[in-house]
Amino acid sequence: MKKIGAFILFFLLSLTVYANDIIDIAAKDTNEVITINANAYKNRLTNPEQTVEDANKALKLSTKLNYIDGIAEAYRVIGIGKYYLDQPEKAIENYLNALSYFTRNNNLRGEASVYNNIGILFRDHDYERSLDYLNKGLEIAQKINDTKLLGSLYLNIGNVYTRKNNLYMALKFYDKSFPIFQKRHDTINMIQCLQNRGVIYFKLKDYDKALSLLLEANTGAKAGDLNESVASVDLTLAALYMTKGDFKNAEKMVQEGTAYTQLVKDPKLDYDYKYTTYELEYNKKNYARAVSLLREIYTQDSVTYKTNVSAQMNLVEAKRRQEEQLKENERIAERQAYDRTKFWAVTVVAGLMLVVIGLLISNVKRKAKTNSQLTLLNGEVSRQKDNLDRINHHLEEIIDERTKDLQLKNKKLSEHSSYLSHQIRGPIATLRGLINLEKEGLVDQAECLDMMDKCVSEIDEKIIEMSDMLHNPPRV
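Let us look at the structure shown here. Keep in mind that this is a model prediction, so the values were computed, not measured.

A separate point is the nonpolar core. Of all hydrophobic cores here, the largest spans 83 residues; its most connected members are Y83, Y95, V114, I118, I157, Y174 and L237. Among the elements that line this core, the one with the most residues is helix α3 (residues 68–84), at 10 residues. Apart from the residues lying within four places of it in its own chain, the contact partners of V114 are R76, Y95, A98, L99 and F102.

This is the structure we're talking about:
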């Protein structure tokens, strides 16, 4: 018995250790997913191809673990990588996948982050659609009080207003976001904010303020190896130097920015640099070179590109909504089938329960009736027992009384017997003596008859007297 107890204890301890090991391994794996996604996101401005590659690794691992938030974040980071690779249709497809998983897991921060990313995606193509998504994200970020997300959303809303040429509204949102980035020591977004404010002041023709902000952003981006940001800032600096007539610095910025653009492989930035190079050559009056660049540029018309990209993204979004609706319809159909099955199962169980309850109630009633009858019978038995006790007690009294009466009668019989012996036997003995005397002729016949008559009379009196004593005994 002790051996069995020891074995069971050892088995339970082993099972506990094994379960703890599984939990530790799962926690380690999910932490690995989080780390891979975080590193992939950091590379977005330096090497977006690496971002996509790393995020796909995170997606495979989190799918294997069925780690929903990891799957959602991996899709989101893949979308970000595709955005920086200027593949908006693939970007929005991944964003919508991420949104679906975040929504399913009730991850509000994840949802708000995806709304922010989709808002950025529409920023250059559909301003109102972009603001709609960004405001959805802003509402959630305010609800959960996520300052990091609030800073990013303020920044991106400002970017949309910049493109709408509502410059003061843009500055208002940049001024909201910049203190948040400073407080969080978020260098990347601080650089982005400096760059965007520089663009605003450039458009407001405050060139000195714009140049100061853009150079600060450029220095910070280079220090952080943010190739995308360097290329973007250089583009604005080139335009600023051209406006000021400083073609030497403008050309320097174009050359530097083009080199960084080739590193990040951003087709849109490449297009913008070609157009800026055309403007530079035109302003420098190198018309032959400018015309050559112009032919190359207009093979891809910016308006058509803008319209087509927006339409393609809308198509992807509509397709996804349709797929989601089909899935929802399937889920509803499955739920309805499940509900029907559940309804009939519950109905059958309820029916069986009613039958069981009916049987239980009937059984209880029978038991109650039986108990009632038993109670009555017990009462009757008790009453009969009491009656028997009383009768037995009365019988004892009667027997005592009869015994006393018999004892008295026996005493009387004994007395009568004694009386008979003395009172009756005397006359009888006299009669016998007389009879013997008469036989022998020793007595006169008449005298004998007379004496015999007296004896008989005496016997008769004694008998009457005895009979009276027997039938009417004296009371004691």
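So much for the structure itself; the text now carries on.
The next thing to look at is the packing of aromatic side chains. For the structure on display, the rule yields 10 aromatic pairs. Taken together, a centroid distance of 5.0 Å and an interplanar angle of 70° make the contact between Y83 and Y84 edge-to-face. Ring geometry for Y275 and Y278: centres 5.7 Å apart, planes at 50°, overall tilted. Taken as a pair, Y275 and Y278 lie in helix α13 (residues 267–283) at a separation of 3 residues, close to a single helical turn. On the accessibility criterion, Y275 (30% relative accessible area) is partly exposed. Positioned above the aromatic ring of Y201, the side-chain terminus of K209 is 5.7 Å from the ring centre.

One pass over the full model with this rule turns up 8 salt bridges. The partner of D175 in a salt bridge is R197, with the nearest N and O atoms 3.8 Å apart. Of this pair, D175 sits in helix α8 (residues 167–184) while R197 sits in helix α9 (residues 187–203), and the two are 22 residues apart along the sequence. Accessibility expressed as a relative area gives 15% for R197, which makes it buried. One salt bridge connects E256 with K222, and the closest N-O pair in it is separated by 2.9 Å. Taken together, the positions of E256 in helix α12 (residues 247–264) and K222 in helix α10 (residues 207–223) put the pair 34 residues apart, joining distant regions of the chain.

Analysis parameters
- Residues numbered from 1 in each chain as written.
- Predicted model: local features only at pLDDT ≥ 70, side-chain atom pairs only at ≥ 80, totals over all residues.
- Heavy atoms only, no water.
- Core = buried A, V, L, I, M, F, W, Y, C linked by side-chain atoms within 4.5 Å.
- Buried < 20%, exposed > 50% of the residue type's maximum accessible area, 1.4 Å probe, protein only.
- Helix = DSSP H or I, 4+ residues; strand = E, 2+ residues; numbered from the N terminus.
- Contact = heavy atoms within 4.5 Å.
- Phe/Tyr/Trp six-rings, centres within 6.5 Å; stacked < 30°, edge-to-face > 60°.
- Lys NZ or Arg CZ within 6 Å of the ring centre and 35° of its normal.
- Salt bridge = Lys/Arg side-chain N within 4 Å of Asp/Glu carboxyl O.

The values are spatial; any link to function lies outside them.
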